[in-house]
Amino acid sequence: MELNICHLYPDILNLYGDRGNIITMKRRLEGRGIRVNIDECSIGQPLNADKYDIFFIGGGQDFEQEVLLRDLSSGKAQDIRTAVEEEKTFLAICGGYQMLGEYYKTWDGVQLDFIGAIGVHTIGAKERMIGNYMFRTTPESGDTVVGGFEFLSGMSFLCDQAAPLGMMLS
């Protein structure tokens with residue numbers, strides 16, 4: 001078996017050491033006998049989305065996300081939307097996840113219109129949410145998960161058709 005992975009904007013969206021995520025994914029797959037090819041696609045480079053099985057998009061801050069807008073509007077956004085519609089696999093972190101959504105509104109009111117491949121948008125807040133939080137995974141299950149996370153700022157909202165995956169308790 002062979003998998004082709006496209007690492008989108010590795011030089012721009014790399015806030016959380018995302019190259020390390022790619023290296024780890026490659027080693028884990030190869031350890032299972034799966035051959036892995038990884039290509040990087042950044043600003044000004046064409047995207048042949050049909051070539052890839054998995055797309056990885058790392059994290060980035062507001063400035064880095066804004067830098068990508070012109071490149072996305074050059075046709076790459078449509079290529080990515082098509083890949084989502086064709087049910088290709090995406091692993092998106094932070095700004096990469098926001099980039100797949102409809103828009104991101106910064107804490108000071110600047111709206112960055114993104115791809116719109118998934119029905120989600122994010123509204124930024126000035127204060128960052130960092131620390132330990134308790135979540136209920138779904139209201140029906142009653143399962144409680146305790147964990148820590150960092151969300152740079154704000155909240156993401158799912159489209160009207162989506163159900164929440166859980167709720168924050170504290």
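Everything below is about the structure shown above.
Here we summarise the structure given alongside this text. In this text the structure is predicted, and so the values were computed from the model without any measurement. (Residues numbered from 1 in each chain as written. Predicted model: local features only at pLDDT ≥ 70, side-chain atom pairs only at ≥ 80, totals over all residues. Heavy atoms only, no water.)

### A look at the overall build of the protein chain
Short version of the rule: Secondary structure elements follow DSSP: runs of H or I no shorter than four residues count as helices, runs of E no shorter than two count as strands, and numbering proceeds from the N terminus. Accessibility here uses a 1.4 Å probe with only protein chains present; expressed as a share of the type maximum, an area under 20% marks a residue as buried, one over 50% as exposed, and anything in between as partly exposed. Residue contacts follow a heavy-atom distance rule, with two residues in contact if any of their heavy atoms lie within 4.5 Å.
Across its full length, the protein chain carries 4 helices and 11 strands. By the burial criterion, 32% of the 170 residues in the protein chain qualify as buried. Contacts in the protein chain between residues at least 24 apart in sequence constitute 67% of all its contacts with a sequence separation of at least 6.

### Considering the nonpolar core
Going by this rule: We define a nonpolar core as any set of buried Ala, Val, Leu, Ile, Met, Phe, Trp, Tyr and Cys residues linked to one another through side-chain atoms lying within 4.5 Å.
Counting 22 residues, the largest nonpolar core has Leu8, Leu47, Phe55, Leu72, Ile80, Met99 and Ile115 as the members making the most contacts within it. Elements that contribute at least two residues to this core include exactly strand 1 (2-8), strand 3 (54-57), helix 3 (69-85) and helix 4 (95-100). Counting residues per element, this core draws most heavily on helix 3, which supplies 4 residues. If near-sequence neighbours (up to four positions away) are discounted, Phe55 is found in contact with Cys6, Leu8, Leu47, Ala49, Ala83, Lys88, Thr89, Phe90 and Leu91. If you look at the next biggest cluster of nonpolar residues, it comprises 9 residues, including Leu3, Ile22, Met25 and Ile34.

### Structural notes on the sheet that holds strand 2 (residues 35-41)
To keep it simple, the criterion reads: Should DSSP find at least two bridges between two strands, the strands are regarded as paired. Structural elements are reduced to axes, namely lines fitted to C-alpha atoms, with helices fitted over the stretch in contact, and the angle between N-to-C directions of any two is expressed from 0 to 180 degrees.
Overall, parallel pairing links the 4 strands, which are arranged 2-1-3-4 in an open sheet. Two strands close off the open sheet at either side, each with one partner strand: strand 2 and strand 4 (89-92). Put simply, the sheet's adjacent strands are angled 20° from each other on average, direction ignored. Across the sheet, helix 3 lies against strand 1, strand 2, strand 3 and strand 4, angled at about 120° from strand 4, the strand it touches most.

### What about helix 1 (residues 18-30)?
As a reminder, the rule being used: Take the number of residues in a helix, subtract one, and multiply by 1.5 Å to get its expected span. To be clear, the arc concerns the directions from the helix axis to the C-beta atoms.
Given a rise of 1.5 Å per residue, 13 residues ought to cover 18 Å, and the 18 Å separating the end C-alpha atoms of helix 1 matches this to within 8%. Those residues of helix 1 that fall on the buried side of the exposure criterion are Asp18, Ile22, Met25 and Leu29. All buried residues of helix 1 fall inside an arc of 65° around its axis, so they share one side. The exposed residues of helix 1 that point more than 90 degrees off its buried face are Arg27 and Arg28.

### Some words on the pairing of strand 1
Selection rule: Crossovers are described as right-handed under a simple rule: with the strands pointing away from the observer, the path leading from the first strand over the helix to the second runs clockwise.
Judged by how many residues are buried, strand 1 sits mostly within the fold: 6 of 7 residues are covered. For strand 1 and strand 2, the ladder comprises 7 bridges, and the chain directions are parallel. Of the residues in strand 2, the one forming a bridge with Leu3 is Val36. Each parallel crossover has a hand, and for strand 1 linked through helix 1 to strand 2 it is right-handed. In this sheet, strand 3 lies alongside strand 1 in parallel orientation, the contact comprising 4 bridges. When the sheet's bridge partners are listed, His7 is paired in strand 3 with Phe56.

### A look at the packing of aromatic side chains
For clarity, the threshold we go by: Classification of ring pairs rests on two measures: the distance between centres of Phe, Tyr or Trp rings, Trp counted by its six-membered ring, which must be within 6.5 Å, and the angle between planes, read as stacked under 30 degrees, edge-to-face over 60 and tilted in between.
Tallied over the entire structure, the rule returns 2 aromatic pairs. Between the aromatic rings of Tyr52 and Phe55, the centroid separation amounts to 5.8 Å while the plane-to-plane angle is 70°, which identifies the pairing as edge-to-face. Accessibility classification places Tyr52 together with Phe55 in one group, the buried group. A centroid spacing of 4.7 Å and a plane angle of 10° characterise the contact between Phe55 and Phe90, whose relative ring orientation is stacked.

### Some thoughts on the environment of Asn4
Secondary-structure assignment places Asn4 in strand 1. Separated by 34 residues in sequence, Asn4 and Ile38 place their C-alpha atoms 6.0 Å apart. Every residue in contact with Asn4, bar those within four places of it in the chain, is listed here: Asn37, Lys51, Tyr52, Asp53 and Ile54.

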